[in-house]
2 protein chains.
Amino acid sequence: MHRHEGHAACHADADDMLARAEAVCRERGLQFTPLRRDVLEAVAESGKAQGAYDIAERLSAPGKRVAPVSVYRALDFLMEQGLVHRIASRNAFIPCAHGHAPGEGVIFLICRSCGGVDEASSVEVEGGLGRTLERAGFTPVHSILEVEGDCGACRERMQAP
Amino acid sequence: MHRHEGHAACHADADDMLARAEAVCRERGLQFTPLRRDVLEAVAESGKAQGAYDIAERLSAPGKRVAPVSVYRALDFLMEQGLVHRIASRNAFIPCAHGHAPGEGVIFLICRSCGGVDEASSVEVEGGLGRTLERAGFTPVHSILEVEGDCGACRERMQAP
DNA sequence: GGCGGCGGTGATACACTGTAACAAACCCGC
DNA sequence: GCGGGTTTGTTACAGTGTATCACCGCCGCC
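These notes cover the structure that comes with them. The structure presented is a predicted model; accordingly, all values stated were derived computationally and were not measured.

Comments concerning the overall build of chain A
Point 1. Secondary structure summary: chain A contains six helices and five strands in total.
Point 2. Its helices and strands in sequence order give chain A the pattern α-α-α-α-β-β-β-β-α-β-α, from N to C terminus.
Point 3. In chain A, buried positions account for 47% of the 161 residues.
Point 4. Counting only contacts in chain A whose residues sit at least 6 apart along the sequence, the fraction spanning at least 24 positions is 49%.
Point 5. When the accessible area of chain A is evaluated, it comes to approximately 8300 Å², of which 51% is carbon and sulfur surface.

Now the structure itself:
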């Protein structure tokens, strides 16, 4: 689950997300269309990573079908604007919990029992990674770091049922 | 990065891989079947990450078709034995270049221009990641760290064509 | 007002990735 | 040879992502 202790305030709730997204788009002269809004809201509302098809289904209502391809386009847009992240190991998407410094590395903490995804960052990891890449003569363009395991809340729940 | 200077000798060649795989299997009482051998060879021969369907096609000959599902099973086996890695960001597979210490984190360096994948590791990154996870109250089960960028060889090639 | 371009959306089709289920073949110890 | 586990073949299918074309709405321009 998200908004876990240790991180109580770390996830902006859906309203904040939407407000931030609207501000970002206005600032950059981009359109924050209803579809994009809906997709972002769908991603932000559920605490866990959502597949594109899940989102499409969630947004579809009898009489108004939202095709996955539309969702993908909206997600591409949202990712370009840094409002949404993709979890490669899950083929799923989560809202970006907080504005990152541009280029800052993000660590995704994926709970295998509740499916919630938390974000962390570490200058230590980042520095070490940079030095490692440099030693290897490798110029990074972007990197993904995803950790699967058990979040604190789930671990407690398992110990004291 | 281990053995990898330009790129020429950077991939343990297929023969070494096969010999090591056979030894590992014998040691663990597992079968190193012809199919598994062929799949590992296909992964090891090409210097770059291979999709499961690419492998299937590569192993298929007129009259003898290898179905993707068979390739997946062989890959699952090879991954369990630590002989092959999966690149989540590419849905592709590479041979494990060298035996890792069990549980040791691996960093994948994926060249976006030549498609080659190199492996690196760093106690510094690993330590920092461990401390970050601990601070977050998160118990890791396994993690993936993949960096996309330009390898040294390709960067040189681009500068001086 | 008409016209053309441009970005966004809808819709269909398709390619790629991965898994389930079942049957047949194989191997090994008894 | 027989029984039981493992491996492979085969088919079908679920899930993920992209290509293509048509249409719409908007804005600037003539």
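After presenting the structure, the write-up continues.
Remarks on the interface of chain A and chain B
Point 1. Each partner contributes to the interface: chain A provides 36 residues, whereas chain B provides 36 residues.
Point 2. When the two sides are added together, the surface that chain A and chain B hide from each other amounts to roughly 3000 Å², 63% of it contributed by carbon and sulfur.
Point 3. A per-residue breakdown of the area chain A buries against chain B is headed by Glu124(A), Phe138(A) and Ile144(A), which together make up 19% of the total.
Point 4. Our count for the contact surface shared by chain A and chain B stands at two salt bridges.
Point 5. For the side of chain A that touches chain B, the secondary-structure elements that each account for two or more residues are strand S3 (107-111), helix H5 (123-135), strand S5 (139-150) and helix H6 (152-159) of chain A.
Point 6. Examining the composition of the side of chain A that touches chain B, we find that twelve residues originate from one element, S5(A), more than from any other.

Considerations on the packing of helix H3 (residues 52-59) of chain A against helix H4 (residues 68-80) of chain A
All names here are of chain A.
Point 1. Taken N-terminus to C-terminus, the directions of H3 and H4 make an angle of 115°; their axes are 9 Å apart at the nearest point. As summarised for this structure, H3 and H4 are arranged roughly perpendicular, according to the angle between their axes. Regarding H3 and H4, the two cross each other, and that crossing is right-handed. Contacts from Ala52, Tyr53, Ile55 and Ala56 of H3 reach H4 at Pro68, Val71, Tyr72 and Leu75.

Quick look at the protein's contact with DNA strand D
Point 1. Surveying the vicinity of DNA strand D reveals 13 residues, the closest of which are Tyr53(A), Tyr72(A), Arg86(A), Thr33(B) and Arg73(B).
Point 2. The share of sugar and phosphate among atoms of DNA strand D within 4 Å of the protein is 47%.
Point 3. Between DNA strand D and the protein, one listed contact pairs a phosphate oxygen with a side-chain N or O atom of Arg86(A) at 2.5 Å.
Point 4. One of the side-chain N or O atoms of Arg36(B) is found 3.2 Å from a sugar or linking oxygen in DNA strand D.
Point 5. Taken together, the elements giving at least two residues each to the surface near DNA strand D come down to H4 of chain A together with helix H2 (34-45) and helix H4 (68-80) of chain B.
Point 6. Taken together, the residues of the surface near DNA strand D break down into five nonpolar, four polar and four charged.

Topic: the relation of the copies chain A and chain B
Point 1. Of the two same-sequence chains, chain A is brought onto chain B (RMSD 0.2 Å, axial shift 0.0 Å) by a rotation of 179°. Between the two chains, the operation in question is that of a two-fold axis.
Point 2. The share of interface residues of chain A whose copies in chain B are also at the interface is 97%, consistent with both copies meeting through the same surface.

Rules behind the numbers
- Residues numbered from 1 in each chain as written.
- Chains lettered and ligands numbered in written order.
- Predicted model: local features only at pLDDT ≥ 70, side-chain atom pairs only at ≥ 80, totals over all residues.
- Heavy atoms only, no water.
- Helix = DSSP H or I, 4+ residues; strand = E, 2+ residues; numbered from the N terminus.
- Buried < 20%, exposed > 50% of the residue type's maximum accessible area, 1.4 Å probe, protein only.
- Contact = heavy atoms within 4.5 Å.
- Areas by Shrake-Rupley, 256 points an atom, 1.4 Å probe, with all protein chains shown as cover.
- Buried area = accessible area lost by both parts, 1.4 Å probe.
- Salt bridge = Lys/Arg side-chain N within 4 Å of Asp/Glu carboxyl O.
- Axes fitted to C-alpha atoms, helices over the stretch in contact; angles between N-to-C directions.
- Parallel < 35°, antiparallel > 145°, perpendicular 65-115°, else oblique.
- Left-handed = near helix turned anticlockwise from the far one by under 90°.
- Near = heavy atom within 4 Å.
- Polar contact = N/O pair within 3.5 Å; in protein donor to acceptor, adjacent residues only side chain to side chain.
- Nonpolar A, V, L, I, M, F, W, Y, C, P; charged D, E, K, R; others polar.
- Least-squares fit on C-alpha atoms with pLDDT ≥ 70 in both.

Function cannot be inferred from these measures alone, as they are strictly geometric.
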